[in-house]
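For reference, the chains in residue letters:
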Amino acid sequence: MVGNVPVGGDAPVSVQSMTTTVTADINATLQQIAELTASGCQIVRVAVPSQDDAEALPIIAKKSQIPVIADIHFQPKYVFAAIDAGCAAVRVNPGNIKKFDDKVGEIAKAAADAGTPIRIGVNAGSLDPRLLQKYGKATPEALVESALWECSLFEEHGFRDIKISVKHNDPVVMINAYRLLAQRCDYPLHLGVTEAGPAFQGTIKSAVAFGALLAEGIGDTIRVSLSAPPVEEVKVGAQILESLGLRERGLEIVSCPSCGRAQVDVYTLAEQVQAGLEGMKVPLRVAVMGCVVNGPGEAREADLGVASGNGKGQIFVKGEVIKTVPESQIVETLIKEAMRIADEMGVEIDLDDDAPGPQVTVAR
Ligand code: SF4
């Protein structure tokens, strides 16, 4: 358990992110955690580089709506502070915690007494110098050896409440590292492509790497690392899980890519429907199709859909044509019908700006 979130075994895969505020700024940090929570984040990590940050942890851990993991580099004393503060877990980086190995016994005891799990978070950019020397660079073997060595130190003290990550910025190295790790141990694994880059590149790298691993059953928590606001990381993480069927799908828009047969502006139509339903937390599939080739079929398969043609749109609900409307009324009709279906499902409609947007699937 990380706080009240089960991790590992048959537990659902959870989405994590990390705050970008100065942790010592308690209000700003709690505000960002609230935004992340609203976006679907289930576990949040905060950086603890200073004494001021460590002193902020008790309030943040108490007031956060989701479990808080303290991220500790360099200073073992902050590990004890985080455990005392009631953090749901502590992440330590074996590569850069100086004199850490001498402290493992004490940390293991404090963590065990408090029931606080430890994440051993190996990162290619801060690999233990001994392993860097041995392997020449951060290879999958080096990352895994570093993690398992650190685990063995905790295990010597009977401590096994551990989660591991072996992050690398190259998805191929990262995938191989996690595969190797999954063969060599049975601990829950936290997946991450570290320093994955700006939003577009980082999204692709993370989706590719997580998709490969999660499809093999490897991975228990995920963090998408983007050079973008953390809410974006959470949206991407949630969409990856939804795409793999590992999290209940929310609103999904199936829209065609358009082609020379399109009799309507599909891009604008799909964007308007997406914007109109932004934040709708309903497991609803809405098809927006440009012509009659695949339109009626996709629209019939969806909960709700439109097949366009000749300046009109046939509106489908649960496979039945319920009406035909002029093109200018397609968007408002779809939105009205989506809200009616959500209401029938007894789902609260919360069209707030912070909620994750719907998924757009391009049908071919
Ligand atoms: S439904 Fe298919 S054939 Fe029709 S406009 Fe869209 S992409 Fe083209």
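Residues numbered from 1 in each chain as written. Predicted model: local features only at pLDDT ≥ 70, side-chain atom pairs only at ≥ 80, totals over all residues. Heavy atoms only, no water.

**Q** Describe the pattern of salt bridges, with residues and values.
**A** All chains considered together, the criterion is met by 14 salt bridges. A salt bridge links Asp-128 to Arg-130, with the nearest nitrogen and oxygen atoms 2.5 Å apart. On the basis of relative accessibility, which here comes to 6%, the residue Asp-128 falls in the buried class. Notably, a salt bridge pairs Glu-337 with Arg-340, separated by 2.6 Å at the nearest N-O pair. (Salt bridge = Lys/Arg side-chain N within 4 Å of Asp/Glu carboxyl O. Buried < 20%, exposed > 50% of the residue type's maximum accessible area, 1.4 Å probe, protein only.)

**Q** Hey, could you go over the nonpolar core for me, with residue numbers and the actual values?
**A** Soluble globular proteins: nonpolar side chains tend toward being buried together. One finds Ile-118, Phe-154, Ile-164, Val-166, Met-174 and Phe-210 to be the most contacted residues of the largest nonpolar core, which totals 74 residues. The leading source of residues in this core is helix H6 (residues 140–155), at eight residues. Counting residues in hydrophobic clusters, the runner-up holds 33 residues, among them Val-273, Ala-299, Leu-334 and Ile-335. (Core = buried A, V, L, I, M, F, W, Y, C linked by side-chain atoms within 4.5 Å. Helix = DSSP H or I, 4+ residues; strand = E, 2+ residues; numbered from the N terminus.)

**Q** Tell me about the layout of surface pockets, and name the residues and values.
**A** Approximately 270 Å³ is the volume attributed to the second largest pocket. As for the second largest pocket, its lining consists of 18 residues, of which Asn-123, Thr-194, Glu-195, Arg-223 and Ser-225 are closest to the centre. Going through the elements one at a time, strand S3 (68–74) and strand S5 (118–123) are the ones with two or more residues in the lining of the second largest pocket. Considering only residue class, the lining of the second largest pocket consists of three nonpolar, eight polar and seven charged. (1 Å grid on protein atoms, 1.4 Å probe; cavity = no way out; pocket = protein on both sides within 12 Å on 5 of 7 lines; lining within 4 Å. Points joined across faces, edges and corners; volume = space filled by probe spheres on them. Nonpolar A, V, L, I, M, F, W, Y, C, P; charged D, E, K, R; others polar.)

**Q** Describe the site of the ligand, listing the residues and the values that go with them.
**A** Residues in close proximity to the ligand include Cys-256, Pro-257, Ser-258, Cys-259, Arg-261, Ala-262, Met-289, Gly-290, Cys-291, Val-293 and Asn-294, which together make up its full environment. Within the shell around the ligand, the residues separate by chemical class into seven nonpolar, three polar and one charged. (Near = heavy atom within 4 Å.)

**Q** I'd like a rundown of helix H8 (residues 199–215), residues and numbers included.
**A** With 17 residues, H8 extends 23 Å from end C-alpha to end C-alpha; this agrees with the ideal 24 Å at 1.5 Å per step. Listed as buried for H8 are Gly-202, Ser-206, Ala-209, Phe-210, Gly-211, Leu-213 and Leu-214. Buried-residue contacts for H8 involve helix H7 (171–184), strand S7 (190–191), strand S8 (221–223) and helix H9 (230–243). Just beyond H8, the residue with positive phi is Gly-217, at close to 85 degrees. (Expected span 1.5 Å × (residues − 1). Contact = heavy atoms within 4.5 Å.)

**Q** Give a description of the side chain of Ser-308 that names residues and reports values.
**A** Tracing the backbone shows Ser-308 in strand S11 (residues 304–309). For Ser-308, a relative accessible area of 2% puts it in the buried group. A polar contact is formed between the side chain of Ser-308 and the backbone oxygen of Met-289, at a distance of 3.2 Å. In this view, Ser-308 contacts Gln-263, Val-264, Leu-269, Met-289, Gly-290, Cys-291, Val-292, Gly-313 and Ile-330; residues no more than four positions away in its chain are not counted. (Polar contact = N/O pair within 3.5 Å; in protein donor to acceptor, adjacent residues only side chain to side chain.)

**Q** Give me the lowdown on the packing of H7 against H8, citing residues and values where you can.
**A** Close contact between H7 and H8 brings their axes to 10 Å; oriented N to C, the two are set at 25 degrees. When the axes of H7 and H8 are compared, the pair comes out roughly parallel. Seen from above, H7 lies across H8 with right-handed handedness. Here Pro-171, Met-174, Ile-175, Tyr-178 and Arg-179 of H7 come into contact with H8, specifically with Lys-205, Val-208, Ala-209, Phe-210, Ala-212 and Leu-213. For the contact of H7 with H8, a count of residues per class yields nine nonpolar, no polar and two charged. (Axes fitted to C-alpha atoms, helices over the stretch in contact; angles between N-to-C directions. Parallel < 35°, antiparallel > 145°, perpendicular 65-115°, else oblique. Left-handed = near helix turned anticlockwise from the far one by under 90°.)

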